[in-house]
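Spelled out from the first residue to the last, the chains are:
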Amino acid sequence: IMKVIIAIEYAEIHSEQLCLGLQDVSKAYDSVEELSGKELIMERLGVSAEFLSLVKRCDGASKDRVLTAYGLSPGFVSRRGWNQGGEESPTCWVLTYDPLLKWMDNQMDNNVVMVGREGELIVWAGVAYADDGLWASPTLAGLQVKLQGSVDFFSIIGPDMSMEKTHVCRLGSKLKGE
């Protein structure tokens, strides 16, 4: 939150434009594809084959049940996503976001650049928390690149973007490159 406040205040003080886009992932944990999401993300981060096998066994051993008007359904194995309530799930969701955050950081022309008190450059791409992403750019075109990159990323690993919960805000009147 502090980065957001600092970026907004910096843009106001320096009469610069700041564009923010808020995105929400629908059913984040339980809609990560097992192969393209979980396995590839853990392999990318160098998770050992033994640990990956352990996660698969834990996923296969847990059973879900549905409470209906007629009682509990028989148990079934869910084949998608990080197990809601699993001890590893919050950490694994952070790992799921990692490739997108790295890509955002590398969008140098589309990132917000501020100058610190000592003259150091502070570069900010955005922030992710749980199933929400807040992306920042000095231009609307740059923000569009980030928003579309996020949609493309999540379309590969499984979860859908909640488009009705996507919001864009432009602060400041100075139009950079537009």
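Keep in mind the model is a prediction, meaning the values are calculated, not measured.

This part covers the overall build of the protein chain. Along the backbone of the protein chain there are five helices and nine strands. Listing each helix as α and each strand as β along the protein chain from the N terminus yields α-β-α-α-β-β-α-β-β-β-β-α-β-β. Restricting to contacts in the protein chain with at least 6 residues of sequence separation, those with at least 24 account for 69%. About 10,700 Å² of surface is accessible on the protein chain, with carbon and sulfur atoms providing 58% of the total.

With that out of the way, let us pick up a nonpolar patch on the surface. A cluster of nonpolar side chains, Met 108, Val 113, Val 115, Leu 121 and Val 123, forms an exposed patch at the surface whose accessible area comes to about 430 Å². For the nonpolar patch, the elements supplying multiple residues, two or more each, are strand S4 (112-115) and strand S5 (121-124). Assignment of secondary structure puts Val 113 in strand S4. Given the relative accessible area of 37%, Val 113 is considered partly exposed.

Once that is clear, we can look at the nonpolar core. With 15 residues, the main nonpolar core has Val 25, Tyr 97, Leu 100, Trp 135 and Phe 154 as its most contacted residues. The set of elements that each furnish at least two residues to this core consists of strand S1 (18-26), helix H4 (89-105) and helix H5 (140-157). The greatest single-element share of this core, amounting to five residues, is contributed by H5. Apart from residues lying up to four places away in sequence, Leu 100 is in contact with Trp 135, Gly 149, Ser 150, Phe 153 and Phe 154. Counting residues in hydrophobic clusters, the runner-up holds eleven residues, among them Val 4, Val 112, Trp 124 and Ala 136.

The full count for this structure, using the stated rule, is two aromatic pairs. Between Tyr 97 and Phe 154 the ring centres are 5.5 Å apart and the planes differ by 85°, which places this aromatic pair in the edge-to-face class. A residue pair is termed long-range when its members are at least 10 positions apart, and Tyr 97 in helix H4 and Phe 154 in helix H5 qualify at 57 residues. Accessibility assignment for this pair places Tyr 97 and Phe 154 in one class, buried. Ring centres of Phe 153 and Phe 154 lie 5.0 Å apart, and the angle between their planes is 75°; this geometry places the pair in the edge-to-face category. Take Phe 153 and Phe 154: they sit in the same class, and that class is buried. In textbook terms, an aromatic cluster arises when at least three aromatic residues are bridged by ring pairs, as seen for Tyr 97, Phe 153 and Phe 154.

Parameters at a glance
- Residues numbered from 1 in each chain as written.
- Predicted model: local features only at pLDDT ≥ 70, side-chain atom pairs only at ≥ 80, totals over all residues.
- Heavy atoms only, no water.
- Helix = DSSP H or I, 4+ residues; strand = E, 2+ residues; numbered from the N terminus.
- Contact = heavy atoms within 4.5 Å.
- Areas by Shrake-Rupley, 256 points an atom, 1.4 Å probe, with all protein chains shown as cover.
- Patch = residues over 30% accessible without salt bridge, like charges linked within 9 Å, V, L, I, M, F, W, Y side chains within 5 Å.
- Salt bridge = Lys/Arg side-chain N within 4 Å of Asp/Glu carboxyl O.
- Buried < 20%, exposed > 50% of the residue type's maximum accessible area, 1.4 Å probe, protein only.
- Core = buried A, V, L, I, M, F, W, Y, C linked by side-chain atoms within 4.5 Å.
- Phe/Tyr/Trp six-rings, centres within 6.5 Å; stacked < 30°, edge-to-face > 60°.

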